[in-house]
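One letter stands for each residue in the lines below.
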Amino acid sequence: EPEVTQTPSHQVTQMGQEVILRCVPISNHLYFYWYRQILGQKVEFLVSFYNNEISEKSEIFDDQFSVERPDGSNFTLKIRSTKLEDSAMYFCASSVAGGERYTFGSGTRLTVV
Amino acid sequence: QQQVKQSPQSLIVQKGGISIINCAYENTAFDYFPWYQQFPGKGPALLIAIRPDVSEKKEGRFTISFNKSAKQFSLHIMDSQPGDSATYFCAANDHNYGQNFVFGPGTRLSVLP
């Protein structure tokens, strides 16, 4: 079964540093998403991406966040200057149609120290 | 308005029993209601989903019951097994508004052998 692949599985970074989280969505999917889950809490929407541009973003997705699809397969989330409260599990997801039948990756655990 | 409430927070069921998790929403524009299953260290995986034009959907041991007038929907797991032990999230989406999901806070299910 096709999978969404995320790397790295765990990243530790110092406060103020930039991090890039990487995702390879399922090849025939057209919609890409980033969600995050702070430990023990609910899954929260960050951003959706379609046709090479952001289609929606939440209040969490402020100027320190950016997304990019640098080539035909990768989808990245960049956090410019990490804060302690950015520590969370970050999930990439993709879907064929918008807002339906997401496939999530296994996540990247980001720890900001 | 965009919240999805979920209960109980945790649930313990004996093997072979029925697990019932309930969700409620306020936004009547929501038109797609998936349930996701999440094992520790993994991303959420789509279990089953329903649209508001039907009152029930069954897939194997999993059934969604949907009450449009009450703005409630529930997941029933029949013949619960220890392998069902996971965190379950309900979610909702309004396709006219966008592609992102609003997730409930999750229910941690433990099925005792």
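Computed from a predicted model, the values in this text were never measured in an experiment. (Residues numbered from 1 in each chain as written. Chains lettered and ligands numbered in written order. Predicted model: local features only at pLDDT ≥ 70, side-chain atom pairs only at ≥ 80, totals over all residues. Heavy atoms only, no water.)

Draft legend 1. Broad picture of empty space enclosed by the protein. All names here are of chain B. The tally for this structure, following the rule as stated, stands at one cavity of 30 Å³ or more. If you add up the space inside the largest cavity, you get close to 50 Å³. If you trace the largest cavity, you find it lined by Gln 2, Phe 30, Ala 92, Asn 93, Asp 94, Tyr 97, Gly 98, Gln 99, Asn 100 and Val 102. A breakdown of the residues in the lining of the largest cavity according to their chemical character gives four nonpolar, five polar and one charged. (1 Å grid on protein atoms, 1.4 Å probe; cavity = no way out; pocket = protein on both sides within 12 Å on 5 of 7 lines; lining within 4 Å. Points joined across faces, edges and corners; volume = space filled by probe spheres on them. Nonpolar A, V, L, I, M, F, W, Y, C, P; charged D, E, K, R; others polar.)

Draft legend 2. Representation of the interface of chain A and chain B within the structure. Between chain A and chain B, the contact holds 21 residues from the first and 20 residues from the second. Of the roughly 1,700 Å² buried between chain A and chain B, counting both surfaces, carbon and sulfur atoms make up 53%. In this assembly, chain A and chain B are joined by zero salt bridges. Where the side of chain A that touches chain B is concerned, the elements lending two or more residues are β4 (31-37), β5 (43-50), β6 (53-57) and β9 (88-95) of chain A. The biggest single contributor to the side of chain A that touches chain B is β4(A), with four residues. Broken down by class, the residue content of the side of chain A that touches chain B amounts to nine nonpolar, eight polar and four charged. (Contact = heavy atoms within 4.5 Å. Buried area = accessible area lost by both parts, 1.4 Å probe. Salt bridge = Lys/Arg side-chain N within 4 Å of Asp/Glu carboxyl O. Helix = DSSP H or I, 4+ residues; strand = E, 2+ residues; numbered from the N terminus.)

Spatial relationships are all this shows, so hold off on functional conclusions.
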